[in-house]
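Residue-level listing of the chains:
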Amino acid sequence: MNLAPMIPAALDPAILLALGALATLMVGSFTRQAWVAFLLASQILLAAGMMLLLTPATGGVAFEVGPLLLAFSPFSNTAAVLLIGLSLLVLPLLWHGFTPERRRPELAVLLLLATTGAVLLPAANHLLAFYVALELLSFPLYILCAWNRDDAKSSEAGLKYFVLGSLASGLMLFGMSLLYAATGALDFSTLATLAQPTPLFLVGMALMLSGVAFKLSLVPFHFYTPDVYEGAPTPVTALLAALPKLAVAALLVRLLVGPLHGPATLVAGQGLAVLAAASMVVGATLAIVQGNLKRLLAFSTIANVGFAVVPLVALAGLPHDANHLGLIAATSSGAMFYLVVYGVTSIGLFAALQYGGFGQVNDLKGLAKRQPMLATALGVLLFSLAGIPPLAGFMGKLLAFTPAVQAGWGLLVLLGVVMSVVASAYSLWLVKVMVFDEERGTRNQERGQQNYLGWLVGFCALLVVVLGLFPAPLHTLLLAAGTAIY
Amino acid sequence: MLLSSLILLPITTALLVLLAPRGLAKQLALLGALGTLALCGPLYMGFHPNTAGLQFTESYSWLPSLGVNFTLGIDGIALALLLLNNLLTPLVVLASWKEARNTPAFMACLLGLAGLVNGVFAATDFILFYVFFEASLIPLYLLIGLWGGKERVYAALKFFLYTFAGSVLMLVAGLYLGTQAGTFDFTQWGPTAQALPLGMQVVLFLAFLAAFAVKIPMWPVHTWLPDAHVQAPTAGSVILAGVLLKLGAYGLLRFNLPLFPEAVTLLAPYLMWAGAIAVVYAALVAWVQTDVKKLIAYSSVSHMGLVTMGLFSDTETGLHGALLIMVNHGIVSAGLFLVIGIMYERLHTREMKNLGGLAALMPGYAFALVVLMLAAVALPGTNGFVGEFLGLAGSFAAAPWATALATTGVVFGAVYMLVFTRSLLFQAPSRFVMEHKAACTDMNPREWLVLLPLLLFIPLLGIKPHLAMDLWRAPVAALLVQPVAAPEAPAGLEIGAGTPINHQSVSASTPTVSPTQP
């Protein structure tokens, strides 16, 4: 299999990212200066993003003969740009999140590699490419989780994520092989024409989707989430909450519109509906009883991914005729919008945790008195997380839930909004602790040298406000992408 | 442009107040509030009272992909409440002038709240309405939680979660109706809503009711109100009682009554009984309170019970009565909370056993309080009388027995208000008051300035209630003439009849409209 002559221009951004990762690794190894690597990584991310914006990737990539491995589309390009944007937001957090001796050039390399996987994932058009991209996304994350290797919790987080992630990968591979056994095809286009709800196909689909659900932290595949979130270094947790969620959701959109098309999607939709409902309930209720901020936000992720999957449930059952193109675009763009907003919000929240050195909920006590600006930004992010208008979190829920109601999933949406009230309780509780509670006794001073992180928190809060007041540009972009998923 | 300036001016001022130096905050806030009030002048002058249609309409594209627009417009009902809101805002800013814990953030919350509430009354797009309706929770949550009394945190959380839980049900109902009708402009939802099966109509009616019943608050979901009122600072209580409670009744008038007439006919008897129970129950509970602020809080529940009865009576008299009670209650309860605040600033207690004899110490104060009390017990000649009379008369036609029960509640109302007045003004001064005699100075000019506008409205609306009623005569008449079923289904109905609709047609049916103004 000779790939070299077949590489089309469409791959350029991904190749830039991958080669950039290698270059960063080389530069980092020779200079041993982390800042060089981080600077280089930021330029590479920017360049890849610009490249995607200026000359959107088109066409596909294939073996010499045979089906397309990757199929680029406006949808995959839009997702890629947004994923690169999220990585760019995480980059300063990675820099500030580690002590100088643990701040290695390899952090930037791993981020670039994970981004490469994330960017390729929404373009996957073949189960093989899907698997490879997902692993490329996941492996750097396993390593990053264990980055503070002297810290038992960090090592545990890395190991746990790795072992359970491998288990999920194994299940997924087994599911793919069953799909192959059922249809004899691996590429999405052929699968789409052969998809029949035979028992073999359905079991394969269920196993594959459980791997996807694992990456999304959907209940009941969520068990690792609180431990990994708690143990992983805070910047890595932010990355975990933002990057894989959006990338895997984009892939799920492609799966539901493509290879799982037809009667099989109806089953997939019902399965996802159960997972989404369970995630919303479990995430929202268990978040309330957490004392550790990162565990709290882990349950919040579970709930929020549940909210984001609601429109995808609606997407799953839709026929592909001209009458439903609008609704397909609306559901997919709703989910994507929600997860972009959620990614920005999480990055802001984790940056605030890192900035203030907050571990437990009680560390936030009296923050409004000590650091009013930080408390304001954090308050905006939390109100957005609770879905209070006019912030972006509300717009995300609106855009996610409206098409689901339109597609006839009103009851699931009803559960969703009821759970969003439950979920708002912990956000409000954090605001209460931060703003209303008096500080008891003295506490050690917050670390003050990481001043730039405060700007990151403020920037994320500003994005949340702007996306809430003016959601139209981003949503129009996603809606246009949603009309051209393949 | 007038309506959007009414929304944007207070919110912009709020942001400026936050950034301004600490010493200038309250002056700037007062300026913003007075500016907003001044904007109401052209609004009132340019309003044509003889039409039920929307006036001062504006429309901007906001979220075209979903068919959501930034559309504003008011009728007489909204105008009356807008005027009330913008009258109260400068008064509360002035009333909190000397508040010890007063900070720029406090003033910013007050002004932000005013702007958001203006938005609720002016919005004609459901999503926009919901955004303003919910966003108004944030400033009040902060007002209660930051500047409230001892149990402020509990009260703030309870207030927020109660109202939030109610309104998300409304959100789902609104999303459903919006997708069915193909537009989120709720003034066009009527035919779609009435074409739905009755069961669905009842469900949607109840979903909207959930949001508004909590806000009004109707018995038995009223329990957040006494907590919130008692803990809130004076300014918060005034705005809460004066304006925010009206949001619930306003919502009923905008959604429940015009959209689901059949469901109203079906459920009105029960809701009127709930209203009657609220009147009597809250009056009895108010009677036994020892905290004077809690007493007034329960009196709000009682009065809002009468509003509910008037609204669901489905008679013109009842609706006029309900609206008048809303306006009157906005004036009188705001005044009463201000009066309590003035007393609290001097004595730092609200317990009845600590009070008494203030009539001798503060004669001017006693005068203002007695005028407000007389309006609250609906003495003929005050504005309270006209409202309660019309409300009860209208309700009697629809539900005589429930109204009879409610009328006894009005008697209890006189009882608790007299108890309230006696305990503050006329009973023998408690030892506490005697010890703090020096603090009991009569009202200063600033406090008079705060109360006088409210005191003037009491006889004015008592003798000439038509000043207010003329504003909403046309929309009220339009509410009562309900088309049972539209003869021809409008365009939106065909799209949304039962099946999921094409999303593109949603955007197509609501084209971007350039700003217009009559």
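Residues numbered from 1 in each chain as written. Chains lettered and ligands numbered in written order. Predicted model: local features only at pLDDT ≥ 70, side-chain atom pairs only at ≥ 80, totals over all residues. Heavy atoms only, no water.

Q: So what about the overall build of chain A? Which residues, and what values?
A: Helix and strand content of chain A: 19 helices and two strands. Against the globule reference of 23 Å for 486 residues, chain A gives a C-alpha radius of gyration of 21 Å, in line with a compact fold. When the backbone C-alpha atoms are referred to their principal axes, chain A occupies close to 70 × 55 × 40 Å. In chain A, buried positions account for 63% of the 486 residues. Partitioning the contacts of chain A with sequence separation of at least 6, the portion at a separation of at least 24 is 80%. For chain A, the exposed area adds up to about 16300 Å²; of that, 71% sits on carbon and sulfur atoms. Computed over 20 positive and 17 negative side-chain charges, the separation of the two mean positions in chain A equals 7 Å. (Helix = DSSP H or I, 4+ residues; strand = E, 2+ residues; numbered from the N terminus. Rg over C-alpha atoms; globule rule 2.2 N^0.38 Å. Buried < 20%, exposed > 50% of the residue type's maximum accessible area, 1.4 Å probe, protein only. Contact = heavy atoms within 4.5 Å. Areas by Shrake-Rupley, 256 points an atom, 1.4 Å probe, with all protein chains shown as cover. Lys, Arg positive; Asp, Glu negative; His and termini not counted. Charge placed at Lys NZ, Arg CZ, Asp CG, Glu CD.)

Q: Any details on the overall build of chain B? Residues and values, ideally.
A: Scanning chain B from N- to C-terminus turns up 23 helices and two strands. Counting only C-alpha atoms and orienting by the principal axes, one finds that chain B spans roughly 75 × 60 × 40 Å. Surface summary for chain B: the accessible area is close to 17500 Å², and the carbon and sulfur share equals 70%.

Q: Go over the packing of aromatic side chains, please, and point to the residues and values.
A: Within the structure shown, the criterion is met by 40 aromatic pairs over all chains. Residues A:Y142 and A:Y161 carry aromatic rings whose centres are separated by 5.1 Å and whose planes lie at 85° to one another, so their mutual orientation is edge-to-face. Of this pair, A:Y142 sits in helix α5 (residues 127–145) while A:Y161 sits in helix α6 (residues 152–183), and the two are 19 residues apart along the sequence. Take A:Y142: its relative accessible area is 5%, and that puts it in the buried class. With relative accessibility at 2%, the residue A:Y161 sits in the buried group. An angle of 75° between the planes, with centres 6.4 Å apart, marks the rings of B:F129 and B:F212 as edge-to-face. Note that B:F129 is positioned in helix α5 (residues 126–135) and B:F212 in helix α9 (residues 198–215), a separation of 83 residues in sequence. Residue classification places B:F212 among the buried residues on the basis of a relative accessible area of 0%. The ring of A:W95 has A:R103 lying over it, and the distance from NZ or CZ to the ring centre is 4.3 Å. Across the ring face of B:F133, the terminal group of B:K215 is positioned such that the distance to the ring centre comes to 4.7 Å. (Phe/Tyr/Trp six-rings, centres within 6.5 Å; stacked < 30°, edge-to-face > 60°. Lys NZ or Arg CZ within 6 Å of the ring centre and 35° of its normal.)

Q: Now, about the pattern of salt bridges: what can you tell me, with residues and values included?
A: Pairs may arise between side chains of opposite charge once their charged atoms sit close together. Residue and element names in this part refer to chain A. If you walk through the whole model with that rule in mind, you get 12 salt bridges over all chains. Between K160 and E156 there is a salt bridge, with the nearest N and O atoms lying 3.8 Å from each other. Taken together, the residues span about one helical turn, with K160 and E156 both in helix α6 at a distance of four residues. Take K160: its relative accessible area is 27%, and that puts it in the partly exposed class. (Salt bridge = Lys/Arg side-chain N within 4 Å of Asp/Glu carboxyl O.)

Q: Which residues make up the environment of B:Y176, and what are the values?
A: Here B:Y176 shows up in helix α7 (residues 152–181). Separated by 28 residues in sequence, B:Y176 and B:L204 have C-alpha atoms that sit 8.8 Å apart. When sequence neighbours within four positions are dropped, the list of residues in contact with B:Y176 reads A:V405, B:L196, B:M200 and B:L204.

Q: Tell me what's going on with the interface of chain A and chain B, and back it up with residues and numbers.
A: The interface is formed by 39 residues belonging to chain A together with 37 residues belonging to chain B. Summing the contributions of chain A and of chain B, the shared interface buries around 3300 Å²; its carbon and sulfur component is 81%. Linking chain A with chain B are four residue pairs in polar contact (both at pLDDT 80 or more), by the criterion used here. For the side of chain A that touches chain B, the element with the highest residue contribution is helix α17 (residues 410–436) of chain A, accounting for 13 residues. Split by residue class, the side of chain A that touches chain B holds 28 nonpolar, nine polar and two charged. (Buried area = accessible area lost by both parts, 1.4 Å probe. Polar contact = N/O pair within 3.5 Å; in protein donor to acceptor, adjacent residues only side chain to side chain. Nonpolar A, V, L, I, M, F, W, Y, C, P; charged D, E, K, R; others polar.)

Q: Would you mind going over the confidence of the model for chain B in detail, with residue names and values included?
A: Residue and element names in this part refer to chain B. Overall, the predicted model of chain B reaches an average pLDDT of 83, with 92% of residues at or above 70. When pLDDT is averaged over each element of chain B, α5 comes out on top at 91 and helix α22 (residues 491–496) at the bottom at 37. This model gives residues 483–518 a pLDDT under 50, and the stretch forms 57 contacts once residues within four places in sequence are excluded. ipTM for the predicted complex: 0.85, alongside a pTM of 0.87. (pLDDT = per-residue confidence, 0-100.)

Q: Any chance you could break down the pairing of strand β2 (residues 68–74) of chain B for me, citing the residues and the numbers?
A: Residues and elements named next belong to chain B. Counting buried positions along β2 yields seven of seven residues, so the element is predominantly enclosed. Pairing of strand β1 (residues 55–63) with β2 involves six bridges; the strand directions are antiparallel. Bridging from a neighbouring strand, S59 pairs with T71 of β2. Hairpin remark: β1 followed by β2, antiparallel, with four residues in the connecting loop; positive phi at G67, about 75°. (Pairing = 2+ DSSP bridges.)

Q: Any details on the packing of α5(A) against α6(A)? Residues and values, ideally.
A: All names here are of chain A. At a minimum axis distance of 9 Å, the contact between α5 and α6 shows a crossing angle of 170°. For the element pair α5 / α6, the angle class is roughly antiparallel. Across the interface between the two elements, L127, F130, Y131, L134, E135, F139, L141, Y142 and C145 from α5 touch S154, A157, G158, Y161, F162, G165, S166, S169, M172, L173, M176 and L179 from α6. Across the contact of α5 with α6, the residue classes break down as 15 nonpolar, five polar and one charged. (Axes fitted to C-alpha atoms, helices over the stretch in contact; angles between N-to-C directions. Parallel < 35°, antiparallel > 145°, perpendicular 65-115°, else oblique.)

Q: Talk me through the side chain of A:S300; I want residue IDs and the actual numbers.
A: Residue and element names in this part refer to chain A. Here S300 is to be found in helix α12 (residues 293–316). With relative accessibility at 1%, the residue S300 sits in the buried group. Apart from residues no more than four positions distant in its own chain, S300 is found in contact with A287, Y342, L385 and Y426.

Q: So what's going on with a nonpolar patch on the surface? Residues and values would help.
A: Residue and element names in this part refer to chain A. Among the surface-exposed residues, F459, L462, V466, L469 and F470 lie close enough to one another that they form a single nonpolar patch of about 470 Å² accessible area. Its location among the elements puts V466 in helix α18 (residues 451–469). Relative accessible area serves as the criterion here: at 40%, V466 is assigned to the partly exposed category. (Patch = residues over 30% accessible without salt bridge, like charges linked within 9 Å, V, L, I, M, F, W, Y side chains within 5 Å.)

Q: Residue-level account of the packing of helix α3 (residues 74–96) of chain A against helix α13 (residues 325–356) of chain A, with values.
A: Residue and element names in this part refer to chain A. One can describe the packing of α3 onto α13 by two numbers: an axis separation of 10 Å at closest approach and a directional angle of 5°. For the element pair α3 / α13, the angle class is roughly parallel. Residue-level inspection shows F75, A79, L82, L86, L89, V90, L93 and H96 of α3 in contact with α13, the latter providing M336, V340, G343, V344, I347, A351 and Q354. Of the residues assigned to the contact of α3 with α13, the class counts are 12 nonpolar, three polar and no charged.

Q: Would you mind going over the environment of B:V214 in detail, with residue names and values included?
A: Residue and element names in this part refer to chain B. Checked against the element boundaries, V214 lands in helix α9. V214 sits in the buried class, given a relative accessible area of 7%. Along the primary structure V214 and F106 are separated by 108 residues, whereas in three dimensions their C-alpha atoms are 25 Å apart. Once residues lying within four places of it in the same chain are set aside, the contact partners of V214 are Y162, T163, L209, V221 and W224.

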